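The primary structure of each chain is shown beneath.
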Amino acid sequence: MLRWSARMTLLGVLLLTIAIVGIWLRFAPELPDTEVLRDLQLQSPLTVYSIEGKVISVFGEKRRIPTPIEELPDQLKQAFISSEDDRFYHHPGIDWQGITRAGLELIRTGEKGQGGSTITQQLARNFFLSSEKTYIRKIKEIMLALRIEREISKDEILELYLNKIFLGHRAYGVTAAAQVYYGKRPAELTIAQMAMIAGTVQRPSRVNPITNPAIAKNRRNYVLNRMLELNYITPEEHQQALAEPVSAFNHGTAIEVSAPYLAEMARRWALETYGDGIYESGLKLITTIQADKQRAAQESIRTGLLAYDQRHGWRGPEAHIDLADDATAATWTDALAGRLPVAGLIPALVVDVDSELALLYLSDGQTVPLTLDSMLWAQPLLSRDSRGPVPEQVDTVLARGDIVRIRRADDGNWVLSQIPEAQSALVSLEAETGEVQALVGGLDFQYSKFNRVTQAKRQPGSSFKPFIYAAAINSGYHPATVINDAPVVFRGGGDIEAWKPQNFSRTFYGPTRLREAMVHSRNLISVRILEDIGIRPARRFISQFGFDQEELPENLSMALGSANLTPLNMVTGYAVLANGGYAVQPTWLAEVRDQMDNIVFSPPPVQHCDVCPVISAPEPTDTETEESLTPLVIQTASSEVSGEQIVSDAAPLDDAAPQIATAALDNQMQYGPPIPDYRPRVIPAPTVFLVRSMMADVIKRGTGVKALQLERQDLAGKTGTTNDQRDAWFSGYNSDIATSVWVGFDNFQPLGRSELGGQAALPIWIDYMRVALNESPNLPPAMPLGVAQIWVDQETGELTEPGIPGAMRELVAASLLSELRQRSRPVEDDEEAVNPYDIF
């Protein structure tokens, strides 16, 4: 019997060995190569960041934040080991004890049950296999786990597992779960929170602290008990963790900077550039948005639109429902269902009201009071230009069952509000590089996804005049040139009605110096200037500010800002004025990185140049091969822009600017420092400086005078208002930053008679620039070569001498001095000659 038993044992071992070898030979070729785990790209969402690295937006279903195991707290790792595989550091990838338990369960019940899977097996299943419960899948899982254990260290396995595992609510990995459930980093979690996350592994969609907190708490306590048994926590820590209440709720993605319009621009660019896989690519788009400026822009838009809205009165409740006397809080909550906050304005239901006080119910269960003081602004809207009387009782404004909006005032008290009907846009560029530092495309992205910065083509009105004046300066005008501000009629042909442009005040001021015309925004003078210098050459010149020449009207209405342009178009032109006359290409992208933080794309540095290199790839000669060629040949081209070209119908100004051809070179040929993004001079420096000096006076004593509250001496800008006040603009700059603000209705309704650019748009610009200019030196621009300071007669604009009545200092292009001297009053023989000009 002993011999027979020994033979049967040997036979059994032999058959088992043959079976194992057979199974291995059968399934081993089908197993994936575990080496891919080392280079595995975990599926992570596309993330958009500010320039400081703060999260703007996340796109993708899977929330994953890959984290090295060294950065994960030991007790978090121990919670998972206690819950899933307490012998993880001692087995070879499979736990025979667990397999035996699963086998006995199969024999006892005849059903394949849960159990027997180590952390390594779970990793193998999650990465390479399906979750179906079949014998073949289980065999492959065991074989793959053994292979993984031979080729990858235990810590690497645990790191992959803790970053890969699904933990409910679209959270993949422990760092994402910590953020989703608790709004924390893993190191900030309590022991109870760590155990709660570890307890979600087996049924994450159903057993998690948000979906089913009671069952999740039981599972959490089981994990805590296991941690105590394994001596990972002390009895005191155990008791404290058991007593901790469930505090999880869905924190979503931690958005640190609100720039949703820019984020959508980034998403679309990534989709076009990298394809549909971007939502699981882990790509990081670092934008040029600066967090503090973006916050200021967002707040300025909201404040400005609320102020506009309150100036025009109360439109009434957003909705009204009939509330029964015995209505409960559940009824009140249902009434507010589906109404979300808009731009910080909270939906509220009026549940009780009398002459002195109203009680409003919020969807979170709060009941807040509103007094008469909180709604004194709520005069009934009669029209855009008229309002009813100031309310004297609360119940003349609100009634029980009204659904309205409220917000917290600066003093912390609740005040009545309403969603503004008007919209606004703000975009701010760094003048030298064209980098977008702040961009707000509307009041609230969730309320309206239409991006008015890039998509709303509106007439800029008088804010376009600086470009007309630049064309005039470039064709021989100067700030003291006198133009007659008098009626002018342009007759139409056939059935076309004659055009009679007018000033906004509908009055005429006679002979006016160009500087005064800019300061007071005289329409007729702009029209006369454009008629004099010619529409075609003016369009060519103005297009050098970055405008599409085809979008500039081919008629005199262009002088009054009739082109349909976006705020981004406008701020680009103003940035050219701000940087001294160099081309501007707006950009929002600073860098693209992959999920391992390797740089995928980085734009070249911007470099201004009056004489720019022209880069080309040389052609090989008969005796040369492509490999022997110097990679780049750099030539130079002058970017001189002459004053004569503007008044000529000869070749367009584009021909005078450098033509930069980027060589189509293989990456291996582009060695050394990156080739700069050359930005040529497109507007002469004297022209830019003279226009800026006139625009500075717009702020000092003209339509932009409110900006003096910023107490700066380096600002220049221009208001803009279109017919019937349908659009209000303010665009302005210093040497570092150019910013444009637009206010209007999407349906082109008038804003109201008093809503000019200086009333509706300028306050938004001021509020933003108060923050944006914090680190910008308060220094006026240096006078460039080619500008002369002279004495002129303030009535005639002609050259005169200091000390003579009516003489005043003025700036002109030095190239005009000889012409001005020829026209000036001659000096008598016995009179001491005085030099009336100085050239800087």
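Residues numbered from 1 in each chain as written. Predicted model: local features only at pLDDT ≥ 70, side-chain atom pairs only at ≥ 80, totals over all residues. Heavy atoms only, no water.

### A short note on helix α7 (residues 174-182)
Within α7, 9 of the 9 residues are buried, leaving the element largely enclosed by the surrounding structure. Of all the positions in α7, only Val-174, Thr-175, Ala-176, Ala-177, Ala-178, Gln-179, Val-180, Tyr-181 and Tyr-182 are classed as buried. On its buried face, α7 sits against β3 (63-64), α2 (74-84), α6 (154-164), β4 (171-172) and α8 (191-198). Directly after α7, the chain includes Gly-183, whose backbone phi takes a positive value near 65°. (Buried < 20%, exposed > 50% of the residue type's maximum accessible area, 1.4 Å probe, protein only. Helix = DSSP H or I, 4+ residues; strand = E, 2+ residues; numbered from the N terminus. Contact = heavy atoms within 4.5 Å.)

### As for the packing of aromatic side chains
For the structure shown, the criterion picks out 18 aromatic pairs. Aromatic side chains Phe-467 and Tyr-574 sit 5.5 Å apart centroid to centroid with 90° between the ring planes, which places their arrangement in the edge-to-face category. Here the residue Phe-467 occupies a position in helix α14 (residues 465-474), and Tyr-574 occupies one in helix α18 (residues 567-578), the gap between them amounting to 107 residues. Accessibility assignment for this pair places Phe-467 and Tyr-574 in one class, buried. (Phe/Tyr/Trp six-rings, centres within 6.5 Å; stacked < 30°, edge-to-face > 60°.)

### Let's talk about a negative patch on the surface
On the surface, Asp-352, Asp-354, Glu-356 and Asp-395 cluster together to form a negatively charged patch. Counting through the fold element by element, Asp-352 comes out in strand β7 (residues 346-353). Accessibility expressed as a relative area gives 43% for Asp-352, which makes it partly exposed. (Patch = residues over 30% accessible without salt bridge, like charges linked within 9 Å, V, L, I, M, F, W, Y side chains within 5 Å. Areas by Shrake-Rupley, 256 points an atom, 1.4 Å probe, with all protein chains shown as cover. Salt bridge = Lys/Arg side-chain N within 4 Å of Asp/Glu carboxyl O. Lys, Arg positive; Asp, Glu negative; His and termini not counted. Charge placed at Lys NZ, Arg CZ, Asp CG, Glu CD.)

### Observations regarding the side chain of Thr-433
Take Thr-433: it is sitting in the loop between β14 (423-430) and β15 (436-440). Looking at Thr-433, the relative accessible area reads 15%, which means it is buried. Among the polar contacts listed, one links the side chain of Thr-433 to the backbone nitrogen of Glu-435, at a separation of 3.2 Å. In this structure, Thr-433 is in contact with Gln-585, Thr-587, Val-606 and Arg-679, ignoring residues within four places of it in sequence. (Polar contact = N/O pair within 3.5 Å; in protein donor to acceptor, adjacent residues only side chain to side chain.)

### With respect to the sheet that holds strand β1 (residues 46-49)
As summarised here, the arrangement of the 5 strands in space is β2-β1-β5-β18-β19, forming an open sheet in which the pairing is mixed. Two strands in the sheet have a free side with no partner beyond their single neighbour: β2 (55-59) and β19 (599-601). Across the sheet, the axes of successive neighbouring strands diverge by a mean angle of 25°, strand direction being ignored. Sheet topology note: the β1/strand β5 (residues 284-287) ladder contains 3 bridges and is parallel. (Pairing = 2+ DSSP bridges. Axes fitted to C-alpha atoms, helices over the stretch in contact; angles between N-to-C directions.)

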